[in-house]
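# Breakdown of the fold
The primary structure of each chain is shown beneath.
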Amino acid sequence: MVERNLSWEWYQVVPCFNVNAQLKPMEFILSQEDITTIFKTLYGNIWYEEGDSASCGVIKDQSSVTSGATNASHHSGGTTVVTAAVVEVHSHASQVKTTLNMSFRTDYLTMVLYSPDPKQTSFTDIRDPSLKLAEFKLENIISTLKMSTDDSTFSSFSLKNCILDDKRPHVKKATPRMIGLTVGFDKKDMMDIRYRRVRDGWVADLVLQEMYICASVEFLLTVANVFLEAYTTGTAVETSVQTWPAKEEVLVQQSEKWEINIIIKNPEIVFVADMTRNDAPALVITTQCEICWQGDFENNTMTAAIKDLQVRACPFLPVKRKGKIT
């Protein structure tokens, strides 16, 4: 639903744009060729937009002439008359209004990923069931965006659960679950992101909690390689873009401050020797980590703290661990 305030110039109690979207569950079936096409399309459009970004920051400080005193001299009949006009500046804190209010929500989003087969050259064979690689599922996605007249922005993103399953039919495994919420913490959100932008900088807060990761390096690298290959192929596109001559204007670089805060709570990282056995020996690592990264145009600093680091030796699956944890 999209609502627009047609009387925004004089009635600013209601946002200029109000967008509310609640999408039904969606499922995507993608191969490496499909992802390559997506990257190629996005990269082509972003490439053409790059020429306009330089001109956005050129016109600045033009509105600053509205405050302070302005003097003008008029010459009439040899007599110089000096007039002065003073513009009173009011505080804009109480006049901040919302220009855009956007809300987006969906119950879940599923993506089935197929690995490439070097033996097949036909595009119709890229979704062969034997080539099924992984399945992503994002549950309860909620995102909001709010923009105001003072150029400030606030956005949020929360994700209930991110599930990654190994769907390779030729690989034997005790469980297909590679990434997901830790068992017993279904009422918590896995990811929570907050972003605030003000006049002199921006702040981003990221919270990751109760995430289960089965550290199967071979499988995770296989999945990552599909996206990396698609990105490399999709962005290596020769585009004939007309180069516009740069304007002879000197841009003043502002020292914008930024800050990124990351909190990781109780991740469960499992290293297992044999993924085909339920009771295979495994190492389970849990910890809490806080990272703060802040800086400006000239310098930046990063601090990190690791708390409650635990390494436990136990069977692979939680159902087999009772009384066998060291």
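Each value, and the rule that gives it
- Residues numbered from 1 in each chain as written.
- Predicted model: local features only at pLDDT ≥ 70, side-chain atom pairs only at ≥ 80, totals over all residues.
- Heavy atoms only, no water.
- pLDDT = per-residue confidence, 0-100.
- Contact = heavy atoms within 4.5 Å.
- Helix = DSSP H or I, 4+ residues; strand = E, 2+ residues; numbered from the N terminus.
- Expected span 1.5 Å × (residues − 1).
- Buried < 20%, exposed > 50% of the residue type's maximum accessible area, 1.4 Å probe, protein only.
- Patch = residues over 30% accessible without salt bridge, like charges linked within 9 Å, V, L, I, M, F, W, Y side chains within 5 Å.
- Areas by Shrake-Rupley, 256 points an atom, 1.4 Å probe, with all protein chains shown as cover.
- Salt bridge = Lys/Arg side-chain N within 4 Å of Asp/Glu carboxyl O.
- Core = buried A, V, L, I, M, F, W, Y, C linked by side-chain atoms within 4.5 Å.
- Phe/Tyr/Trp six-rings, centres within 6.5 Å; stacked < 30°, edge-to-face > 60°.
- Lys NZ or Arg CZ within 6 Å of the ring centre and 35° of its normal.

The predicted coordinates ought not to be read in detail in places where the model reports low pLDDT. Per-chain confidence: the protein chain averages 80 in pLDDT, with 76% of residues scoring 70 or above. Across residues 48–76, confidence stays below pLDDT 50; counting only partners more than four residues off in sequence or on other chains, it has 31 contacts. Every residue in residues 85–93 is under pLDDT 50, and counting partners more than four places away or in other chains gives nine contacts.

Once that is clear, we can look at helix α2 (residues 217–235). Between its terminal C-alpha atoms α2 stretches 26 Å, which fits the 27 Å expected from 19 residues at 1.5 Å a residue. All of the buried residues in α2 are Phe219, Val223, Val226, Ala230, Gly234 and Thr235.

A separate point is a nonpolar patch on the surface. A contiguous nonpolar patch, built from Phe271, Leu283, Ile306, Leu309 and Val311 and spanning about 510 Å² of accessible area, is present on the exposed surface. No other element matches the three residues that strand β16 (residues 300–315) contributes to the nonpolar patch.

In this structure, Leu113, Leu133, Leu164, Met178, Phe219, Val223 and Phe316 are the most contacted members of the largest nonpolar core, which totals 31 residues. Elements that contribute at least two residues to this core include exactly β6 (98–114), β7 (132–148), β8 (153–166), β9 (177–181), β12 (211–214), α2 and β15 (281–295). Discounting residues that sit within four places of it in the chain, Val223 has contacts with Leu113, Leu133, Ala134 and Phe136.

A side chain with one charge may pair with a side chain of the opposite charge, provided their charged atoms come close. Inspection of the entire model under this criterion finds ten salt bridges. A salt bridge links Asp165 to Arg177; the nearest nitrogen and oxygen atoms lie 2.6 Å apart. With Asp165 in strand β8 and Arg177 in strand β9, this residue pair connects regions lying twelve residues apart in the sequence. A single network of salt bridges, built from pairs that share partners, joins Asp166, Arg168 and Glu218.

Inspection of every chain in the model, using the stated rule, returns six aromatic pairs. With a centroid separation of 6.3 Å and an interplanar angle of 75 degrees, the aromatic rings of Phe136 and Phe227 are classed as edge-to-face. Within this pair, whereas Phe136 is found in strand β7, its partner Phe227 is found in helix α2, the two being separated by 91 residues in sequence. Residue Phe136 is classed as buried on the basis of its relative accessible area of 18%. Here Lys137 stacks its cationic end above the ring of Tyr108, 4.7 Å away from the centre of that ring.

Phi is mostly negative for residues that are not glycine, and the peptide bonds are mostly trans. Non-glycine residue Asp151 carries a positive phi angle of around 70 degrees. Its location among the elements puts Asp151 in the loop between β7 and β8. In the Ramachandran plot, Asn266 falls in the positive-phi region, its phi being about 50 degrees despite a non-glycine side chain. Secondary-structure assignment places Asn266 in the loop between β13 (257–265) and β14 (268–272).

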